[in-house]
Amino acid sequence: MRYEPRAACRLATLGFTQVYDYVPGKVDWLARNQPVEGTDADTPTIGRHLRHEVTTARPDELIAQVRARVARSAHRFSLVTTADGILLGRLRAAVLDDTDPTRAAGEVMEAGPSTLRPHEPTAAIKDRLVGKGLTYAIVADPDGRLLGTVHPGDL
């Protein structure tokens, strides 16, 4: 039995004007890096430390084009996404450096890189990244949409 619609109706009758029955639930809301209030509002999460300057490429884009953008960026990699931001893969520096520049990014990308959700606690993720010697982690929402990257020094 679901009580959410009844609770939403009750809040509306009390004068709240922005009331929603969010069916997927609280964890999904947090995993999409949506704002929170109440007791969880002060919990330090990696979603508060996202970097958005990561270079992205489309699967049909030529390596030469991606290579040029990465050369101007602060990172030595590119993430491959669809036009609406769904993460498909990663192009590491070695692949960008050693691949025929006329090949498409989607042909040589590392498919399905590991991702984190933005509601992960900062301390645990920092410890994991440092422990594994990683300089960044990719953050995506539950639909696989790229949100950004996090770096241990920012956490």
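Every value quoted in this text rests on a predicted model; they were computed, and no experiment measured them.

Turning our attention to the overall build of the protein. Secondary structure assignment for the protein yields 6 helices and 6 strands. Start at the N end of the protein and walk to the C end: the helices and strands fall as α-α-β-α-β-β-α-α-β-α-β-β. Overall, the C-alpha framework of the protein stretches about 65 × 35 × 25 Å when taken along its three principal axes. Taking all 155 residues of the protein together, the buried fraction comes to 34%. If you take every contact in the protein between residues at least 6 apart in sequence, the share linking residues at least 24 apart comes to 51%. Total accessible area on the protein is roughly 9,400 Å²; 54% of this is exposed by carbon and sulfur atoms. Charge separation in the protein, taken as the distance between the mean sites of 20 positive and 20 negative side-chain charges, equals 2 Å.

All told, the structure shown has 9 salt bridges when counted by the stated rule. Taking the shortest distance from any N to any O, the salt bridge between D97 and R76 comes out at 3.2 Å. In this pair, D97 sits in helix α4 (residues 93-98) while R76 sits in the loop between α3 (63-71) and β2 (78-81), placing the two residues 21 residues apart along the sequence. Judged by relative accessible area, which is 53%, R76 ranks as exposed. With its nearest N and O atoms 3.8 Å apart, the salt bridge here joins R145 to D84. Taken together, the positions of R145 in the loop between β5 (137-140) and β6 (146-150) and D84 in the loop between β2 and β3 (87-91) put the pair 61 residues apart, joining distant regions of the chain. Of the residues examined, R145 reaches a relative accessible area of 30% and is grouped as partly exposed. Since its relative accessible area comes to 47%, D84 is described here as partly exposed. A network of salt bridges, in which partner residues are shared, links R51, E53 and D154.

Attention shifts here to the side chain of T122. Note on placement: T122 falls in helix α6 (residues 122-131). Judged by its relative accessible area of 9%, T122 is buried. For T122, the contacting residues outside a window of four places in its chain are P44, T45, I46, H49 and L155.

Now for the pairing of β5. Across a regular strand the side chains alternate sides, sitting on one face of the sheet and then on the other. Of the two faces of β5, both are covered, the one formed by A137 and V139 as well as the one formed by I138 and A140. Sheet topology note: the β5/β6 ladder contains 4 bridges and is antiparallel. Residue pairing across strands places A140 opposite L146, the latter belonging to β6. The turn joining β5 and β6, which pair antiparallel and follow one another in sequence, is formed by 5 residues; a positive phi near 90° is taken by G144.

Moving on, we get to a nonpolar patch on the surface. Taken together, the side chains of L11, L14 and F16 make up a nonpolar region of the molecular surface, amounting to roughly 300 Å² of accessible area. Here L11 is to be found in helix α1 (residues 4-13).

Each value, and the rule that gives it
- Residues numbered from 1 in each chain as written.
- Predicted model: local features only at pLDDT ≥ 70, side-chain atom pairs only at ≥ 80, totals over all residues.
- Heavy atoms only, no water.
- Helix = DSSP H or I, 4+ residues; strand = E, 2+ residues; numbered from the N terminus.
- Buried < 20%, exposed > 50% of the residue type's maximum accessible area, 1.4 Å probe, protein only.
- Contact = heavy atoms within 4.5 Å.
- Areas by Shrake-Rupley, 256 points an atom, 1.4 Å probe, with all protein chains shown as cover.
- Lys, Arg positive; Asp, Glu negative; His and termini not counted.
- Charge placed at Lys NZ, Arg CZ, Asp CG, Glu CD.
- Salt bridge = Lys/Arg side-chain N within 4 Å of Asp/Glu carboxyl O.
- Pairing = 2+ DSSP bridges.
- Patch = residues over 30% accessible without salt bridge, like charges linked within 9 Å, V, L, I, M, F, W, Y side chains within 5 Å.

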